[in-house]
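Each chain is listed here by its residues.
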Amino acid sequence: MADLMCRDEVTGAPQINLVFEGGGVKGVGLVGALAVLEERGFRVRHVAGASAGSIVAVLLAAGYSASELLTIAQTTGFKDLRDRDWVDRIPLLGGPISIFKDHGIYEGDRLTEWMRGLLSERGIRTFRDLSAHSADARPEFRHGAQVIVSDLTDRSLLALPRDAHKLGVDPDDLEVALAVRMSVSIPIFFEPVRFINPRNGRQHVLVDGGLLSNFPVWLFDEEEDAGCPTIGIRLDEDEEESHSRARGLGMESVFGFVKGLAQTAVLAHDRHYLERSNFDRTIGIPSLGVGTTDFDISPEVSWALYESGRLAAEAFLDQWQDSQEGSNPSTLTESADDLMAAAD
């Protein structure tokens, strides 16, 4: 591999920027890829993520290693994060009423508390505590992670904390767990976060960052940050799986229709960017047919997703060269069937 232009000031290890795609419970695949990057000696300079990718990004910036993130994924009962209020528990009508009343089935409070607990173990509460590792970081990247959020009120994309002023908040004072909760607010599944701007009293309705950019690899590329390459880690779903999932959701249903609209918007935005850049510096991880909200996946399938991430990263790094040489990485071509067979 060609030498990288930027290296860690203390260890001399090659530095990269990392961007994690969202994908709900499939996020354990991101951890698998991260583990390989760690083993190959890379250090992360800046990191960003949308939706579930924001969880991995923030915990990585907080100091968690890939092995620790794997342990968290293996020991967390993700189905327990689906908290309901009394309305949701009304037989048959609870879900529709909650969607109509609160625009989401699950409250999201347990998820917020879960994140607060993990961050507090590393002494992290606000982005002031989450400082960047590099002393020469640009002002907009002076915090250790960027979290992508969709602002329905202003119809805009926010990269938090650097855009926190648009919510009337000092970037240093924004709570990290709250920013993650905003980013993972999957439409209809989780209730949106309604944030009151303390400066003007205006309410912002904030939802899943993946609505506008599920794979914000552009965040660091366009800044050309210190010559450090950006590696994006995304969760791929082949065309057959996508069509099968659409049929399974029932596109005639309200849920399926809205989800289909959201996924179309996300894929159109991110695919446009990726097509222009020829998928440069992108690790594509087969998602093995697992859905974003399949919170009841077995430990065996979770492990298969982790291994899928490892295989994808290894295949990528074995052939990846510095972009200055003008080469493009190959994507993982190995079939996912073997991984699924191992999970059965």
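Being a predicted model, the structure only gives us computed values, none of them experimental. (Residues numbered from 1 in each chain as written. Predicted model: local features only at pLDDT ≥ 70, side-chain atom pairs only at ≥ 80, totals over all residues. Heavy atoms only, no water.)

Enquirer: Please explain the pairing of strand S4 (residues 145-151) as it appears in this structure.
Expert: Put simply, side chains in a regular strand alternate between the two faces of the sheet. Judged by how many residues are buried, S4 sits mostly within the fold: 7 of 7 residues are covered. Neither face of S4 is open: one carries Ala145, Val147, Val149 and Asp151, the other Gln146, Ile148 and Ser150, and all of them are buried. As paired elements, strand S2 (residues 43-50) and S4 share 4 bridges and run parallel to each other. Paired with Ala48 across the two strands is Gln146, which belongs to S4. Alignment of S4 against strand S5 (residues 156-160), held across 5 bridges, turns out to be antiparallel. Of the residues in S5, the one forming a bridge with Ile148 is Ala159. Between the end of S4 and the start of S5, which pair antiparallel, lie 4 residues, with Arg155 showing a positive phi angle near 50°. Here 3 bridges tie S4 to strand S8 (residues 203-208), and the two strands are oriented antiparallel to one another. Across the sheet, residue Val149 finds its bridge partner in S8, namely Asp208. (Buried < 20%, exposed > 50% of the residue type's maximum accessible area, 1.4 Å probe, protein only. Helix = DSSP H or I, 4+ residues; strand = E, 2+ residues; numbered from the N terminus. Pairing = 2+ DSSP bridges.)

Enquirer: It is not clear to me how the environment of Ile16 should be interpreted in this structure. Could you clarify?
Expert: Mapped onto the secondary structure, Ile16 falls in strand S1 (residues 15-20). When the C-alpha positions of Ile16 and Leu37 are compared, they lie 9.8 Å apart, and in sequence the two are 21 residues distant.

Enquirer: What am I meant to see in empty space enclosed by the protein here?
Expert: It is a probe the size of a water molecule, rolled over the atoms, that shows where empty space is left. Overall, the coordinates contain 1 cavity of 30 Å³ or more when judged by the stated rule. Elements with a minimum of two residues in the lining of the largest cavity: S1 and helix H1 (28-39). It is H1 that provides the largest number of residues to the lining of the largest cavity, a total of 3 residues. Looking at the lining of the largest cavity residue by residue, the classes come out as 6 nonpolar, no polar and 1 charged. (1 Å grid on protein atoms, 1.4 Å probe; cavity = no way out; pocket = protein on both sides within 12 Å on 5 of 7 lines; lining within 4 Å. Points joined across faces, edges and corners; volume = space filled by probe spheres on them. Nonpolar A, V, L, I, M, F, W, Y, C, P; charged D, E, K, R; others polar.)

Enquirer: Looking at this structure, I do not really get H1. What am I missing?
Expert: Residues lying three or four places apart along an α-helix face the same way, a consequence of the helix completing one turn every 3.6 residues. With 12 residues, H1 should cover 16 Å at 1.5 Å per step; its first-to-last C-alpha distance of 17 Å lies within 8% of that length. Most of H1 sits inside the fold, with 10 of its 12 residues counted as buried. Every buried residue of H1 is listed here: Val28, Gly29, Leu30, Val31, Gly32, Ala33, Leu34, Ala35, Val36 and Leu37. In this fold, the buried residues of H1 make contact with S1, helix H2 (52-61), helix H3 (66-75), strand S9 (230-236), strand S10 (282-286) and helix H11 (299-319). Two residues or fewer after H1 comes Gly41, characterised by a positive phi angle close to 90°. (Expected span 1.5 Å × (residues − 1). Contact = heavy atoms within 4.5 Å.)

Enquirer: Teacher, can you tell me more about the packing of H1 against H2 here?
Expert: Helices that pack against each other are described as a pair by the angle of their axes relative to one another and the distance between those axes. Close contact between H1 and H2 brings their axes to 11 Å; oriented N to C, the two are set at 35°. Crossing of H1 against H2: the hand is right-handed. On H2, the residues touching Leu30, Val31, Leu34 and Glu38 of H1 are Gly53, Val56 and Leu60. Here the residues of the contact of H1 with H2 sort into 5 nonpolar, 1 polar and 1 charged. (Axes fitted to C-alpha atoms, helices over the stretch in contact; angles between N-to-C directions. Left-handed = near helix turned anticlockwise from the far one by under 90°.)

Enquirer: Could you clarify how one ought to interpret the side chain of His204 in this entry?
Expert: You can see His204 is positioned in strand S8. There is a polar contact of 2.8 Å between the side chain of His204 and the side chain of Asp151. (Polar contact = N/O pair within 3.5 Å; in protein donor to acceptor, adjacent residues only side chain to side chain.)

Enquirer: Looking at this structure, how should I read the environment of Ala57?
Expert: Locating Ala57 in the fold gives a position in helix H2. The buried category is assigned to Ala57, whose relative accessible area is 0%. Note: C-alpha distance between Ala57 and His46 (11 residues apart in sequence) is 9.3 Å. If we skip the residues at most four places from it in the chain, Ala57 touches Phe20, Val47, Ala48, Gly49 and Ala145.

Enquirer: Looking at this model, I keep getting lost on the packing of helix H5 (residues 109-120) against helix H6 (residues 176-183). Mind explaining?
Expert: Contact pair H5 / H6: the axes reach a minimum separation of 9 Å and the direction vectors enclose 140°. As summarised for this structure, H5 and H6 are arranged oblique, according to the angle between their axes. The interaxial crossing formed by H5 with H6 has right-handed handedness. Note on element contacts: H6 touches H5 through Val176, Ala177, Val180 and Arg181, opposite Thr112, Met115, Arg116 and Leu119. Within the contact of H5 with H6, the residues separate by chemical class into 5 nonpolar, 1 polar and 2 charged. (Parallel < 35°, antiparallel > 145°, perpendicular 65-115°, else oblique.)

Enquirer: Help me understand the packing of aromatic side chains, please; the structure alone is not making it clear to me.
Expert: For any pair of aromatic rings, geometry is given as the distance between the ring centres together with the angle between the planes. Overall, the coordinates contain 1 aromatic pair when judged by the stated rule. The ring of Tyr64 has Arg122 lying over it, and the distance from NZ or CZ to the ring centre is 3.9 Å. (Phe/Tyr/Trp six-rings, centres within 6.5 Å; stacked < 30°, edge-to-face > 60°. Lys NZ or Arg CZ within 6 Å of the ring centre and 35° of its normal.)

Enquirer: How should the pattern of salt bridges be read in this particular structure?
Expert: Any two side chains of opposite charge can pair, given that their charged atoms come close. Counted according to the given criterion, the structure contains 10 salt bridges. Residue Arg116 is joined to Glu113 by a salt bridge in which the shortest nitrogen-to-oxygen separation is 2.4 Å. A residue pair is termed a helical-turn pair when its members lie 3 or 4 positions apart in one helix, as Arg116 and Glu113 do in helix H5 at 3 residues. For Asp173, the salt bridge identified is with Arg128, shortest N-O distance 2.9 Å. Here Asp173 is found in the loop between S5 and H6, whereas its partner Arg128 is found in the loop between H5 and S4, with 45 residues between them in sequence. Residue Asp173 is classed as partly exposed on the basis of its relative accessible area of 42%. By sharing partners, the salt bridges in this structure join Glu39, Arg310 and Glu314 into a single network. (Salt bridge = Lys/Arg side-chain N within 4 Å of Asp/Glu carboxyl O.)

These values are about where atoms sit, not about what they do.
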